[in-house]
Every structure is written in C-alpha cells, then in structure tokens.
Amino acid sequence: MENLSMETILGYVEAYGIPLIKAIIIYIIGSWIIKKIVKAVKKVMSKGTYDISLQKFLTDLISWGLRIFLIITVISTLGVETTSLAAVIAAAGLAVGLALQGSLSNFAGGVLLMIFKPYKIGDLIEAQGVLGSVKEIEIFTTKLITPQNKLAIVPNGAMANGNIINYTAEGKMRVDTSVGVDYGSDIKKTKEVLLAMLKANPKVLADPAPSVNVEELADSSVNLAVRPYCRPEDYWDVYFATIEGSKAALDMAGIEIPYPHEVQINK
C-alpha cells in the first residue's frame, strides 16, 4: 500500500510537478529575455532619429507582444490545449472589437500617425477645425495647445482620416495682413514704406522676401496685402508687429489710413 502511494505521488509529480517547474523556469527566463530585448530596442531607437512618441509606442507594442507569446508558451507547457484557448481569445477579441469600434479606429489611426508621421511633437498644425502646437501623440488621441493656451484632445482616427495642415514642416510661414490707405496716397511710396518696416523686423525672413502688393480697390481705400515670412514659432510676434508697425510707419510718412466717417443728415 505504501509503495502504491509512492507510485501515485511520483505519477502526480511527473504529470503536474515537472511541467509546472518547466513553466516557472520558462516564465522567469522569458521575462528576463523580454526585458533585455526591450532595453536593446530603446537603446537603438534613442540613438536614431525616432520621435519620442514613436519610441514609446513601439517599445510598448514589442513588450506586450512578447509577453503574450510568453504567456501562451507557459500555458502550453502546463499541458493546456492552446488551439482551443486561441479560439476563445479570438472570439473574445471579436466581441470586444465590436464593442470598441471607435477606440480601435483611434488605435489604428495612432499606428498610421506613428508610421507616416505627418506631424511631430512641437509642430504647429491645423486639423479637425483646431489650430495648435502638438503637445503629445498618444495611442488613441493627439493633444494640441491652442494659441489661447487651451488643451485640445483630438481622436487619432479623425486625425489620420482628415486633412492636416502642418505649418512647421517647411520651417517658414507667410503672415497675411492687409492695410488700407487713402486713394490720394502715392502707392509706390506706400509700398516702399511698408517694405522698409518689414525688413527692419529681425524676425522677418529675408528668404522668401516680404512683399507688399495692391490687393483690392475698395469703396474708400486702396487695400494692400502685406505679407512677410517668418519661422512658425515667431508667427504671432510678426503678425502683431506688422499691424502695429504699419500704422506707425504710415503715420510717420504722412500717408493717411482712411476710417469710416459718420454722416449726419439734417432734416
């Protein structure tokens, strides 16, 4: 009876104990290898020109993918049929996918943004009716800081499938302003005065050169398009300096800027 009990115990050890020990060893060694792989990937990407958001996204994706593979390997070592387990996981994944279609669309959009990189952190962009500087590119959303210093959170699905204007990509922007002068003003002199004002601003780029051209012959004024170029980060400084500088330069040159007059009719 005693020998029979020992044989039974040895049978249990062989059937369950050894696979359990193997599974524990595989898990420990696998976890160590995964850490080394993720660390090596981070090191390689940090030496390259990869965006910070892309680095985090890819390392997380690699880490989770390897861990899922490790867990399936451990479960298989314990003698669990992984084929049926995979079917259950697939069915559960389908159900979750149907429930989270919007989130999956945003996730897919995040992947596309990471791959094609239409913008990066710090870029000034306009998308989905929002203008702002990119603060963060996350898996599901992109965070923008608007000129009013508001935080705008835009879903990546919409970002990936919509129009995006990247003002920073080319390294320079055109500032569009308009100035009206009296019909009696010397247009040639007016253009010279405004161009001199633009060129005196150190934040206005010399290439492309700023321009001043007649834009419209309005009812009570000749409107000129005053268009300097600047770096994206200097846009608002140049915009406001151009408006204020135009008024000061034209006043100094004796060129009149027309304004609406109220006409009273005596009955």
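The structure under discussion appears in the preceding block.
Residues numbered from 1 in each chain as written. Predicted model: local features only at pLDDT ≥ 70, side-chain atom pairs only at ≥ 80, totals over all residues. Heavy atoms only, no water.

Engineer: Hey, could you run me through the overall build of the protein chain in this one?
Structural biologist: Of regular secondary structure, the protein chain possesses seven helices and ten strands. Taking all 267 residues of the protein chain together, 28% fall into the buried category. Carbon and sulfur atoms make up 62% of the accessible area of the protein chain, which amounts to about 17700 Å² in all. (Helix = DSSP H or I, 4+ residues; strand = E, 2+ residues; numbered from the N terminus. Buried < 20%, exposed > 50% of the residue type's maximum accessible area, 1.4 Å probe, protein only. Areas by Shrake-Rupley, 256 points an atom, 1.4 Å probe, with all protein chains shown as cover.)

Engineer: Can you help me understand the sheet that holds strand E5 (residues 164–166) in this one?
Structural biologist: Think of a sheet as strands paired side by side through backbone hydrogen bonds, with each pair either parallel or antiparallel. Taken together, the five strands give an open sheet; going across it, the order is E4-E3-E2-E1-E5, and neighbouring strands pair in antiparallel fashion. The sheet is open, and its two borders are formed by strand E4 (151–155) and E5, each paired with just one other strand. Pairwise comparison of adjacent strand axes, ignoring direction, gives a mean angle of 40° for this sheet. Across five bridges, strand E3 (residues 141–145) lies against E4 in antiparallel orientation. Bridged to Lys143 within E4 is Ile153. (Pairing = 2+ DSSP bridges. Axes fitted to C-alpha atoms, helices over the stretch in contact; angles between N-to-C directions.)

Engineer: In this structure, what is going on with a nonpolar patch on the surface? I would like to understand it.
Structural biologist: Together, Ile21, Ile25, Ile29, Trp32, Ile33, Ile37 and Ile62 line one region of the surface with nonpolar side chains, adding up to about 640 Å² of accessible area. By residue number, the principal contributor to the nonpolar patch is helix H1 (residues 2–47), which donates six residues. As for its position among the elements, Ile25 is in helix H1. (Patch = residues over 30% accessible without salt bridge, like charges linked within 9 Å, V, L, I, M, F, W, Y side chains within 5 Å. Salt bridge = Lys/Arg side-chain N within 4 Å of Asp/Glu carboxyl O.)

Engineer: Mind showing me how you'd approach the pattern of salt bridges here?
Structural biologist: For side chains bearing opposite charge, pairing can occur when the charged atoms are close. Across all of its chains, the model carries eight salt bridges by this definition. Of the charged contacts, one joins Glu138 and Lys143 as a salt bridge, the two residues approaching to 3.5 Å between their closest N and O atoms. Residue class for Lys143 comes out buried when judged on its relative accessible area of 19%. The salt bridge partner of Asp234 is Arg231, with a shortest N-O separation of 2.9 Å.

Engineer: I tried to follow the packing of helix H6 (residues 187–199) against helix H7 (residues 235–252) on my own but got confused; where do I start?
Structural biologist: Relative orientation and spacing of two packed helices are given, respectively, by the angle between their axes and the distance between those axes. Contact geometry for H6 and H7: axes closest at 9 Å, N-to-C directions at 135°. Between H6 and H7, the angle falls in the class oblique. In the crossing of H6 with H7, the sense of the turn from one axis to the other is right-handed. Residues Thr190, Val193, Leu194, Met197 and Leu198 of H6 form the contact with H7, whose participating residues are Ala241, Thr242, Gly245, Ser246, Ala249 and Leu250. Looking at the contact of H6 with H7 residue by residue, the class counts come to seven nonpolar, four polar and no charged. (Parallel < 35°, antiparallel > 145°, perpendicular 65-115°, else oblique. Left-handed = near helix turned anticlockwise from the far one by under 90°. Contact = heavy atoms within 4.5 Å. Nonpolar A, V, L, I, M, F, W, Y, C, P; charged D, E, K, R; others polar.)

Engineer: Looking at this structure, how should I read H7?
Structural biologist: Since the α-helix advances by 3.6 residues per turn, residues separated by three or four positions end up pointing in the same direction. The end-to-end C-alpha distance of H7 is 25 Å, a good match for the 26 Å that 18 residues give at a rise of 1.5 Å each. Within the span of H7, buried status applies to Tyr235, Val238, Thr242, Gly245, Ser246, Ala249 and Leu250. Of the surrounding elements, those touching the buried residues of H7 are strand E6 (173–174), strand E7 (177–181), H6, strand E9 (222–227) and strand E10 (229–230). Positive backbone phi, at 75°, marks Gly254, one or two positions downstream of H7. (Expected span 1.5 Å × (residues − 1).)

Engineer: Quick question: what am I supposed to make of the pairing of strand E1 (residues 124–127) here?
Structural biologist: Regular strands place their side chains on alternate faces of the sheet. As defined by bridge partners, E1 adjoins strand E2 (residues 130–137) across four bridges and the pair is classed as antiparallel. Counterpart to Ile125 in the pairing with E2 is Gly132. The turn linking E1 back onto E2 is made up of two residues, and Gln128 within it adopts a positive phi angle of 55°. Bridge count for E1 against E5 is three bridges, and the pairing is antiparallel.

Engineer: Would you take a moment to explain the layout of surface pockets for this structure?
Structural biologist: In this approach a probe as big as a water molecule rolls over the atoms, and the regions it shows empty are the leftover space. In this model, the largest pocket occupies a volume close to 190 Å³. Every residue lining the largest pocket is counted, 13 residues in all, and those nearest its centre are Leu124, Ser133, Pro232, Glu233 and Trp236. Classifying every residue of the lining of the largest pocket gives six nonpolar, four polar and three charged. (1 Å grid on protein atoms, 1.4 Å probe; cavity = no way out; pocket = protein on both sides within 12 Å on 5 of 7 lines; lining within 4 Å. Points joined across faces, edges and corners; volume = space filled by probe spheres on them.)

Engineer: Explain the sheet that holds E9 to me, please; I cannot follow it from the model alone.
Structural biologist: Taken together, the three strands give an open sheet; going across it, the order is E7-E9-E8, and neighbouring strands pair in antiparallel fashion. On the outer flanks of this sheet lie E7 and strand E8 (211–217), each paired with one strand and no other. In this sheet, neighbouring strand axes are inclined to one another by 30° on average, regardless of whether the strands run parallel or antiparallel. In the sheet, E8 pairs with E9 via six bridges, with the strands oriented antiparallel. Bridged to Asn213 within E9 is Ala225. Across the face of the sheet, H7 comes into contact with E7 and E9 while running at roughly 15° to E7.

Engineer: What is the right way to look at the environment of Gly65 in this model?
Structural biologist: By the element assignment, Gly65 lies in helix H2 (residues 52–77). When its relative accessible area of 36% is taken as the criterion, Gly65 is described as partly exposed. Along the chain, Gly65 and Ile34 lie 31 residues apart, while their C-alpha atoms are 9.9 Å from each other.

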